[in-house]
Every structure is written in C-alpha cells, then in structure tokens.
Amino acid sequence: MNTLFKSSLSLAFLLTIIFFNTASADDGYDLWLKYNKVGNQALLEKYSQAISSIIVLDKSKTCRIIQKELSANLPKLLAKPVPLKRMIIAGAVVIGKSNHPLIKKSRCAKQLGALNNEGYLIKSTKINGKQCILITAKKDIGLLYGSFHFLRLIQTQQEIDNLNIASQPKIQYRILNHWDNLDGIVERGYAGKSLWKWNDLPDKIDKRYFDYARANASIGVNGTVINNVNANPNILRPEYLKKAAKLADIFRPYGIRVFLSANFSAPISAEFAIEQNRKGGIGDLKTSNPTDPSVQQWWKNKVKEIYKYIPDFGGFLVKANSEGMPGPQDYNKTHAEGANMLAEALQPYKGIVMWRAFVYDADVDPDRSKRSYKEFVPLDSQFLPNIFVQAKNGPIDFQPREPIQPLFGAMPKTPLMLEIQLTQEYLGHSKHLVYLAPMWKEYLEFDTYAKGPGSTLASIIDGTLHQYKMTGIAGVTNIGNDRNWCGHFFAQANWYTYGRLAWDHSLTAEQIADEWITMSLTKNQDVLKIVRSIMMGSWEACINYMTPLGLHHIMQEGFHYGPEPSLGKGREDWRSTYYHRADSVGLGYNRSSTGSDAVSQYFSPLRETFDNIETCPEKYLLWFHHAAWDHKLRSGKTLWEELRAKYYSGTNYVNEMIEKWSSVKTYIDPDIFMHVQARLDTQKTDAGIWRDTCLQYFQGFSKKPIITAE
Ligand code: GCV
C-alpha cells in the first residue's frame, strides 16, 4: 500500500470517528426528554404490541402539544411508527377529557371525580370494545401531565399491562423563582445568562421558551416568577409587561402561569426616589406607604393594567425590608399591611401575593437565625387569604445544612410557602456535583412537632396540618442560557427533582434519581446503580468538606464559593466569625438556653433536644452549641478529631466519585462523560482547599494536630 493511500485511509478513518462521535454527542440540551429507544428487547416487543396508535379527542392548544409530544416520541421509544388516528383500534393510546362522550362511556367517572383539576388517570380499558390505554382528566392540563407520565413509564421501562394510575399534585402552586435581572445577569446564576431575551421580546421568540415550558410541564411545574426578587421596578412598565405577556402566551398551554417580582417602591416617581435615596420607582407619587389611598389606588391601577396584558397573571412575589429592598417598614407599617395592600389589588382577579419572610434586621435580635420568626409570628392571622408567606427552608440562608426554619408550624393561620434553592449558591455553584434530593427530603420529613409527632414540614406545606386554603412551594432556579440549561449536567437532576417532589413529596430521593438517570443518562442497571450511589452521598459529602457538624456561613463573602473562615470585615452578620465563633475553648454558636436561646423558637420536645448538647443531633451541634475542642462525640472522638474526620470523609468521597465515574466511562456519552469528569476534578481541588483552609484556620484555636491520614 503506498503511503498516500495509507494516509488517506487513516484520514477517512479519523473523519469517520469524528463524525460518529459528533453524531452521537449529547450536549445535554434535551434534558430528561431524550426518548431514546427502549433498551430491553423483551419489553420493547411488549410495548410494540400494546401500543398501536394515538388518538387525541380534544382540540385545544394543550391537546395539540400532547399530540405533538406523543407522535414525535412514541415512535422514537418504540422504534416503529405510532400513527395519529381518528378511529379507535386495539392498542390505541386515547387521550380525552372526562366530559367526552367516549370517556363517559368508559366508566372512569368515579375515579376521576376524586381528582383535582390537575390530576389524571392512566388506565388500561376497553373503549368501543377495543383494548386501549386511556389518559383522561377533568382539564386539558391534566391530560398533558398524564401524557408525560405515560411517556415516563416507557422511558423508565415500566410494565404497562394493567395500568390503573391516578395521580394529582399534593401542592397547588409549584413555582420556579428566577433571580433574573433585566440586564440579562442572573443573580446567583451559574449557567450563563438569563433565558429571557428582553431586547428581542416581544417580537422575536426564542425556541427555548417552548422547550423550557415543555420541560417544566413534564415535571408538573405550574408557575414561574420571571424576574429577580431584588426587583427592578421597570418590569412593571408597559414596555416590559408586553414582553412578559408574550412569555405568558407561550407558557399558558403548558399550564404555566407567569408571576412578577414587584418592587415596593414602584409607585414613587423617579425624581422623588432620588430625593429619598431610594432606587428609582416608575410612578408619580411621593410615597409608597401602604396605608396611603393614592398608593393603594396606584397598585389597583397597575394590577388592572397587568391583567389586560396577562389575563391569567399569577400575582406578585415581594422581597421587602430585606437586604436594602424597600418595604412597608420604611413607613412604620408591618409586613402584613404591605402585603394586604397588594393582595387587595390582586384579589378581584384571583391573583396572589408571595411575601418573603427572608428578613434579618439586626435591631430585631442579635442572633440572625431568630429574626424572621420574631417578625412574622406575631403577624399570623393578619394576612388576607390570598397571601402566602414564603420562607426559606432554614432560618439563615440556604446553607449546606441548617435545621428547619422555625416559622414552619408556628403560623397556623397563614399559608406558608416553602422556598428551596436549586441554584447551588452555597453548594459549589455549578462546579460541584451535589444531588439535592436527599437534602430536600430531610427538610420535608423534618418533624416540627407543631401539633405533636408527625407534624412534618411536608404536612405543613401541603396544607394537611393546618388546613391551609392555599398550598405552595417555590424553587430558586438553576437555569440559564447555557446549552445544557444548568451548567453542570448533574444539576439537571435538581431541576427534575424539584418538579417531582413539588408534585409528590412522598417520592424517595432514590426513586427520583433512578428515573432521572434512566431518562437522561443510561438504562444499564449496573451503571445506574453506580451513578445513583455517586448522587446519593454527594450532598452529605459537600457538607462534610464545607461545613460539617452544624458549621455554617463560612464561605467567601459575596461570592459564596470557597472558604473564608477568617473573614472579619463587612456587616457583622455576613462575617464568618459571627457564625463559627471559634476561640481557644471551642467552636460553634451557642443558641441554647444559655446563649441566644434560638432553641426556644422550636416546639417541644425539639426545643429540649436541641438545647442539650448531649441530645442535640450532631449534624446541628455547632449550630446550637459552642462545644469545647475536647467535647466527646458519640463516636468517642473529640470535637477536634471528629471535625477533622468529617472534612476528610468529604474529600475522600469526592475521590470515590471520580473513581466511580471513571468506571462507567464506556457506558456514558463521551461528551457528557468528559464534561462531568472535568467538573469532578475541579470539585476535588476545591474540596481540598475547603478542608485544608478550614482545618488550618481552626487549628489556630484548637492547637491540636491535623493528622492527614484518615
Ligand atoms: C436575591 C442571599 C443571596 C442573595 C439573594 C438573597 C435573597 O442573601 O446571597 O443573592 O438575593 O439571599 O434570597 O433575597
């Protein structure tokens, strides 16, 4: 063979490889909606026999979406044509609302009657004498949710022989909070810029808006607050309302309502705003005092205007008197007075207010963790019925681990909405692989004892404990305009988990991981188990290499990524030293009855359990106690030894994640493999920095040796 021929052959081979790899490369854009062919041959044959065609009986926009979703993806999953039909044949997947004559005949009425307006039924049944799979619901949106569930059954390779699935959400408002600014920057966003192209809207429409809606509908998210809680008042100008209305039009058939974050100073004129040293308002008033009739009227007019643009507008999210944002307290009025003014304006249109409890005015209490409770509990019963008080899961701020925010259980008359954070502000941004389901489950299952044992957070936010009239959950998104939406491929699992838990908080973290892995990564059961094991311990590992044993808020000020335990500048309650209180005696914040007495905000017996250093769960030890360096833990180790062991176990886990990930290399899409591998390497380096910085710093106080071999 001559050299030229040889080299052209090898070039061809190389090109084939490049082409093959490019063709098979997965850039993560399709999320969990890949719809790869069913891998299990026996199941594939069963599915093929059971599914012949698709019949969508109704004609709404939502039904057209269902038609498109099923007809595009069933053929991909089953590797055979699955045509849309008008006549029922055996094996038809029939989608129709409960009031359709054909469905009425199918005798599902009783089962359907028990479901709410978003619920659905998936049932193997005979229609016109033909064996079919029926997806039915009271409303179109239930049909869409049911269709996505049906597709998920096949994506995750479940049996579909005798289907009889009834499902409905346990929580009514399942909302994403975007901290997206109008200039395109996402506050605490680590996946590129905002999805919303404000300069192009409303005329130019990005395809991604549809894909965003579709992904959210597939997991049951039904609302989105499209702008940052640190709200720019301009969002309420007609110019922006038209843009928001365009998004609302796109999202509507997917069952997603648009909400806006409102700036409490919006009614104030720009001129007066400057005079009063406030950020610019957009109105023509001198005040935003909620008891002033002109302010009340301004909001009524504004709300009326919004509903002209967005007829199903959801309502306002408000951050008031928090971190420099204006609010009713600027006029000596309460949070309830501020929220009620907005609620009154929204009430005729059935809009709601989500009033945030994330406040920490230093005058309220020297201990930041107590402030929100002290401000809000006295206001219970003063809020109008269309108001949620929206509280973060913990009393400080989305730390790797906190005990529960004590407000939960303490406001039986005010619907509390839980706010959790998908974006990993304090959990390694989009550089660290941290699966958040175990964390959210720990909170949801947290027993507050508000009405005795069994008063879990889940039972509070789903309304069963206090019979709330409205129920809600909010997730601060991790979505940006990065091609793969979330920056880290594994961060997609947190978006997925949020929707699944918001729908049904009884799902386990393992179940959700399995679903997500099967749909997004691999159907190979051995590989799935390895990936699941990586995910399941990743949160605890992150806590261990960042803030073990109840430590908190010792990250770099502002950036919140790496460690900065020595930080002693800036606002007192932003300093690491304020939180960890290391000294020659020991470590931790004394919040027991001999300290700030934050424990008293919890119900008995939690209060007593936390108060006593011997009974306090060790995961919260340094949150509630200033423990001596020689304090003995249940392991028999001293605090210093245990601290060291935890830091090392965190970094060791990252090493294990790297090994496990390498072991599945040949089973994973090469692009995804490399993307994750590179991030794991960064995680390893940065986890090491966390461990070494913190241990060296604390050693300055403990004066004990750091033994590196663990
Ligand atoms: C949107 C923390 C974050 C802020 C965020 C704030 C909030 O303080 O660091 O970026 O502001 O929480 O939840 O309002």
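The shown structure was predicted, so the numbers you read here are calculated from the model rather than taken from an experiment. (Residues numbered from 1 in each chain as written. Predicted model: local features only at pLDDT ≥ 70, side-chain atom pairs only at ≥ 80, totals over all residues. Heavy atoms only, no water.)

(A) Spatial organisation of the layout of surface pockets. By volume, the largest pocket amounts to about 790 Å³. Together, 46 residues line the largest pocket, and Asn-230, Lys-319, Ser-322, Glu-323 and Gly-324 are the ones closest to its centre. Across the lining of the largest pocket, the residue classes break down as 14 nonpolar, 16 polar and 16 charged. When residues are assigned to domains, the lining of the largest pocket turns out to be shared by domain 2 (173-520) and domain 3 (543-589 + 626-702), each giving three or more. Roughly 620 Å³ of volume is contained in the second largest pocket. Every residue lining the second largest pocket is counted, 22 residues in all, and those nearest its centre are Glu-118, Ile-141, Asn-222, Gly-255 and Arg-257. Where the lining of the second largest pocket is concerned, the elements lending two or more residues are helix 6 (140-155), strand 6 (173-177) and strand 8 (257-261). No other element matches helix 6, which puts three residues into the lining of the second largest pocket. Among the residues making up the lining of the second largest pocket, the classes are represented as seven nonpolar, six polar and nine charged. (1 Å grid on protein atoms, 1.4 Å probe; cavity = no way out; pocket = protein on both sides within 12 Å on 5 of 7 lines; lining within 4 Å. Points joined across faces, edges and corners; volume = space filled by probe spheres on them. Nonpolar A, V, L, I, M, F, W, Y, C, P; charged D, E, K, R; others polar. Domains from an automatic or database assignment. Helix = DSSP H or I, 4+ residues; strand = E, 2+ residues; numbered from the N terminus.)

(B) The arrangement of the domain arrangement of the protein chain in detail. What the domain assignment reports for the protein chain is domain 1 (41-167), domain 2 (173-520) and domain 3 (543-589 + 626-702). Placing a centre on the C-alpha atoms of domain 1 and another on those of domain 2 gives a separation of 34 Å. At the junction of the two partners, domain 1 supplies 15 residues and domain 2 supplies 16 residues. On the domain 1 side of the contact with domain 2, Tyr-145, Phe-148 and Arg-152 bury the most area, a combined 38% of that side's loss. With its nearest N and O atoms 2.8 Å apart, the salt bridge here joins Glu-69 to Arg-214. Connecting domain 1 to domain 2 are five residue pairs in polar contact (both at pLDDT 80 or more). Elements represented by at least two residues in the side of domain 1 that touches domain 2 include exactly helix 3 (61-78) and helix 6. Looking at the side of domain 1 that touches domain 2 element by element, the count peaks at six residues for helix 6. Looking at side-chain class alone, the side of domain 1 that touches domain 2 contains six nonpolar, five polar and four charged residues. (Contact = heavy atoms within 4.5 Å. Buried area = accessible area lost by both parts, 1.4 Å probe. Salt bridge = Lys/Arg side-chain N within 4 Å of Asp/Glu carboxyl O. Polar contact = N/O pair within 3.5 Å; in protein donor to acceptor, adjacent residues only side chain to side chain.)

(C) Looking closely at the pairing of strand 12 (residues 416-421). Burial analysis of strand 12 places six of its six residues in the buried class, the great majority of the element. Here strand 12 shows two buried faces, one formed by Leu-416, Leu-418 and Ile-420 and the other by Met-417, Glu-419 and Gln-421. (Buried < 20%, exposed > 50% of the residue type's maximum accessible area, 1.4 Å probe, protein only.)

(D) Region of interest: the sheet that holds strand 9 (residues 315-318). The strand order around the closed barrel formed by eight strands is 6-7-8-9-10-11-12-13, and the pairing between neighbours is parallel. Going from strand to strand, the sheet's axes swing by 25° on average, the running direction of each strand aside. Judged from the four bridges that link them, strand 11 (residues 387-392) and strand 12 form a sheet pairing that is parallel. Within strand 12, the position partnered with Lys-392 by the bridge is Glu-419. Strand contacts of helix 8 (residues 238-251): strand 7 (223-225) and strand 8, with the helix running at about 150° to strand 8, the strand carrying the most contacts. In the packing of helix 11 (residues 335-346) onto the sheet, contacts are made with strand 9, strand 10 (352-356) and strand 11, and the angle to strand 10 comes to roughly 160°. (Pairing = 2+ DSSP bridges. Axes fitted to C-alpha atoms, helices over the stretch in contact; angles between N-to-C directions.)

(E) Quick peek at the pattern of salt bridges. Counted by the stated rule, this structure contains 31 salt bridges. Between Lys-46 and Asp-161 there is a salt bridge; the shortest N-O distance is 3.2 Å. Of this pair, Lys-46 sits in helix 2 (residues 41-50) while Asp-161 sits in the loop between helix 6 and strand 5 (164-167); the two residues are 115 residues apart in sequence, bridging distant segments of the chain. In this structure, Asp-312 engages Arg-252 in a salt bridge whose closest nitrogen and oxygen atoms are separated by 2.9 Å. Pair noted here: Asp-312 is in the loop between helix 10 (293-309) and strand 9 and Arg-252 is in the loop between helix 8 and strand 8, with a separation of 60 residues, a long-range link. Among the charged side chains, a salt-bridge network with shared partners connects Arg-401, Glu-442, Glu-540 and Lys-619.

(F) Inspection of the site of the ligand at higher detail. Around the ligand sit 14 residues in total, of which Glu-187, Lys-319, Arg-356, Lys-392 and Glu-425 are the nearest. Here an oxygen atom of the ligand sits 3.2 Å away from a polar atom, N or O, in the side chain of Asn-230. Burial of the ligand by the protein chains amounts to 96% of its free accessible area of 340 Å². Applying the majority rule of atoms within 2 Å of the grid points places the ligand in the largest pocket. (Near = heavy atom within 4 Å. Areas by Shrake-Rupley, 256 points an atom, 1.4 Å probe, with all protein chains shown as cover. Sits in = over half its atoms within 2 Å of the grid points.)

(G) Region of the structure containing the side chain of Asp-380. Positionally, Asp-380 belongs in the loop between helix 12 (371-376) and strand 11. The side chain of Asp-380 is buried and forms no salt bridge, while Lys-413, the nearest opposite charge, is found at 5.3 Å. A polar side-chain atom of Asp-380 sits 2.4 Å from a polar atom in the side chain of Thr-414. (Lys, Arg positive; Asp, Glu negative; His and termini not counted.)

(H) Region of the structure containing the packing of aromatic side chains. All told, the structure shown has 37 aromatic pairs when counted by the stated rule. Between Phe-489 and Trp-516, the aromatic rings sit 5.4 Å apart at their centres with planes inclined by 45°, giving tilted as the arrangement. With Phe-489 in the loop between strand 13 (472-476) and helix 15 (491-503) and Trp-516 in helix 16 (residues 509-520), this residue pair connects regions lying 27 residues apart in the sequence. Trp-516 matches Phe-489 in its accessibility class, with the two residues each being buried. (Phe/Tyr/Trp six-rings, centres within 6.5 Å; stacked < 30°, edge-to-face > 60°.)

(I) Summary view of the nonpolar core. Counting residues in each nonpolar core, the largest one holds 220 residues, and the members touching the most others are Phe-150, Trp-299, Phe-316, Trp-495, Trp-661 and Phe-698. If sequence neighbours within four positions are ignored, Phe-316 has contacts with Leu-236, Leu-260, Ala-262, Trp-299, Val-303, Ile-306, Leu-342, Leu-346, Ile-352, Val-353 and Met-354. (Core = buried A, V, L, I, M, F, W, Y, C linked by side-chain atoms within 4.5 Å.)

(J) Local environment of the sheet that holds strand 3 (residues 120-127). Pairing within the open sheet is mixed, and its five strands lie in the order 1-2-4-3-5. The open sheet is flanked by strand 1 (53-56) and strand 5, the only strands paired with a single partner. Taking the axes of each pair of neighbouring strands and ignoring which way they run, one obtains an average angle of 25° across the sheet.

(K) Inspection of the side chain of Arg-152 at higher detail. Here Arg-152 lies in helix 6. Despite its burial, Arg-152 pairs with no opposite charge; the closest candidate is Glu-515, at 4.1 Å N-O. If we skip the residues at most four places from it in the chain, Arg-152 touches Ser-218, Tyr-496, Arg-500, Glu-515 and Met-519.

(L) Here's a closer look at the pairing of strand 13. Among the five residues of strand 13, five are classified as buried, and the element is accordingly described as predominantly covered. Because side chains alternate across strand 13, one face comprises the buried residues Gly-472, Ala-474 and Val-476, and the other comprises Ile-473 and Gly-475, equally buried. Where strand 6 and strand 13 come together, five bridges link them in parallel fashion. Bridging from a neighbouring strand, Asn-177 pairs with Val-476 of strand 13.

(M) Spatial organisation of helix 17 (residues 525-536). Look at helix 17: 16 Å from first C-alpha to last across twelve residues, which is about the 16 Å you get at 1.5 Å a residue. By the burial criterion, the buried members of helix 17 are Val-527, Leu-528, Val-531, Ile-534 and Met-535. Along the axis of helix 17, the buried residues cluster in a sector spanning 120°; they form a single face. The backbone nitrogen of Asp-526 has a side-chain oxygen 2.9 Å away, supplied by the residue at the start of helix 17, namely Asn-524. (Expected span 1.5 Å × (residues − 1). Arc of directions from axis to C-beta.)

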